[in-house]
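Each chain, letter by letter, is given below.
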Amino acid sequence: MKSKHFPKSFKWGTAISSYQNEGEYNTHGKGPSIWDTFTNRKSFKKGNGNTATDFYNTYKEDLLKVKALNLDCFRFSISWSRIFPHGIGEINPEGVAFYHDLIQACIDLNIEPWVTLYHWDLPQALEDQGGWTNREILNWFKTYVEFCSKEYGATVKTWIILNEPMSFVGLGYFLGMHAPGKKGFKNFLPAAHHATLCQSMGGRIVRKNVKDAIIGTTFSCSHVSPLNRRVIHKKAAARIDALVNRFFIEPTLGLGYPMDAIPGLNRIEKYVLPGDEELMPFDFDFIGLQYYFKIVAKFSLLPPILFAQEVPAEKRDVKINAMNLEIYPKGLYKVLEKFNAYPGIKNIYITESGVCFEDELIEGKVNDKNRINYFKKTFKYTLKAIENNIPVKGYFIWTLVDNFEWAEGTKPRFGIIYTDFKTQKRTVKKSGLWLKRFLSKR
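Not measured: the values here are computed from a predicted model.

Visitor: Account for the side chain of E250, naming residues and giving values.
Guide: As for its placement among the helices and strands, E250 is situated in helix α11 (residues 249-252). A relative accessible area of 7% places E250 in the buried class. At a separation of 2.7 Å, a polar atom in the side chain of E250 contacts the side chain of R246. If we skip the residues at most four places from it in the chain, E250 touches L255, G256, P258 and Y342.

If you want it as structure tokens, here you go:
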């Protein structure tokens, strides 16, 4: 397999996010986000993104590395509280100017900028009013998207509305593992419904404001299989699949929430107001799939409603990453097949995929051959999907440089470039050098 085997129009890119990379968390007019609050608590022991990878100051150098690695596209997110320090109202001109400068720097290098409007860092001022659980977020998000799409729409043509809604809602408003640290279905259900509405509303706003816009949204996805052939475990796997893979894509396509698999989800109807079902769908130009690991499911009495649990990968004698999740490249092909089976899917981009290890810098080099193997295999399965008429149009590597990996801190390293977090020195890993050679032969 070589890069020339892919269609000439196939896009190769890399992705980052504002909180994980920018730093300058309380300067240049930026207001606090829920992740600033969450990681700066005394009880949080994994560090914070206050400096992160200092992308706010190093973006020009990092973009030069994107270019040197022969990548076509650069996906980044806008920090809502850098634009609106209080969530709505007063606009921060320094923040607005930063993203103009970043976009122009991409264009100057002939790198295509891809903007993600929301990558998890909600302004704390809005969380203080309930955040995603408050239906008023529809108006807050509308204000934010209206501004960004009008401000940057002349130079940015590809827009992603939400990054992995199931992740920020499930981990942040159900399990309490991510910011803002809320738990329970009483928080999950309204937050999930409001995210569904905002996802499609955001698409309509960008369509209205940006001429020739290419609009998508991204979904976290995993291949889910049962522990064994017992019906009780198969049904548990179907419920986890409905939650992990089906929950947000199906209402977007006009199919409603997957209550067939999880009857207890009918509790969400409490938050569905007249007219909402007409607002939930949107005809996206593409969907982004973000794949990292496989899930094996078994029946469990807890949690209620779901009655299913994941079987930990470290108990299954499989290859695992630095976050103890199963490394299963073939799962990428399986989720591409699964999502392509939905009616109305036009184009698919792999908007994130990668693998984390505890990489070490030894004598100025990082020999991450396991990451190279991961990319070789996922690229192979991507090509197989294209050959089988699945409309996969691009692959975005997560991520450019080792960054602040949310609740896991800086220990898991996903980058194709090594970051020394004390000095911010960057070192291209062996995987980055391999990628550069791979893409040079298109």
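Visitor: I'd like a description of the nonpolar core, backed by residues and values.
Guide: Judged by nonpolar contacts, the single largest core of 133 residues is most densely connected at F74 and W132. Broken down by element, this core gets its largest block of residues, eleven residues, from helix α9 (residues 185-209). Setting aside residues no more than four positions away along its own chain, W132 makes contact with Y118, L122, E127, I137, L162, F168, Y173, P190, A191, H194, A195 and C198. One finds C73, W114, F286 and Y349 within the second-largest nonpolar core, a separate group that totals six residues.

Visitor: How would you summarise the pairing of strand β5 (residues 214-226) if you had to cite specific residues and measurements?
Guide: Counting buried residues in β5 gives eleven out of 13 residues, a clear majority hidden from the surface. For strand β4 (residues 158-162) and β5, the ladder comprises three bridges, and the chain directions are parallel. The residue of β5 that forms the bridge with W159 is I215. Relative to strand β6 (residues 286-299), β5 runs parallel, the two sharing ten bridges. Looking across to β6, one finds that F219 is bridged to L289.

Visitor: Now, about a positive patch on the surface: what can you tell me, with residues and values included?
Guide: Judged by side-chain charge, K2, K4, K369, K430, R437 and K441 come together as a positively charged surface patch. Summarising the element assignment, K441 is placed in the segment after α15 (430-439).

Visitor: Could you give me a rundown of α9, with the residues and numbers involved?
Guide: Taking 1.5 Å per residue as the helical rise, α9 with its 25 residues ought to reach 36 Å, and the 35 Å between its terminal C-alpha atoms agrees with that figure. The element α9 is extensively covered by neighbouring structure, given that 20 of its 25 residues are classed as buried.

Rules and cut-offs
Residues numbered from 1 in each chain as written. Predicted model: local features only at pLDDT ≥ 70, side-chain atom pairs only at ≥ 80, totals over all residues. Heavy atoms only, no water. Helix = DSSP H or I, 4+ residues; strand = E, 2+ residues; numbered from the N terminus. Buried < 20%, exposed > 50% of the residue type's maximum accessible area, 1.4 Å probe, protein only. Polar contact = N/O pair within 3.5 Å; in protein donor to acceptor, adjacent residues only side chain to side chain. Contact = heavy atoms within 4.5 Å. Core = buried A, V, L, I, M, F, W, Y, C linked by side-chain atoms within 4.5 Å. Pairing = 2+ DSSP bridges. Patch = residues over 30% accessible without salt bridge, like charges linked within 9 Å, V, L, I, M, F, W, Y side chains within 5 Å. Areas by Shrake-Rupley, 256 points an atom, 1.4 Å probe, with all protein chains shown as cover. Salt bridge = Lys/Arg side-chain N within 4 Å of Asp/Glu carboxyl O. Lys, Arg positive; Asp, Glu negative; His and termini not counted. Charge placed at Lys NZ, Arg CZ, Asp CG, Glu CD. Expected span 1.5 Å × (residues − 1).

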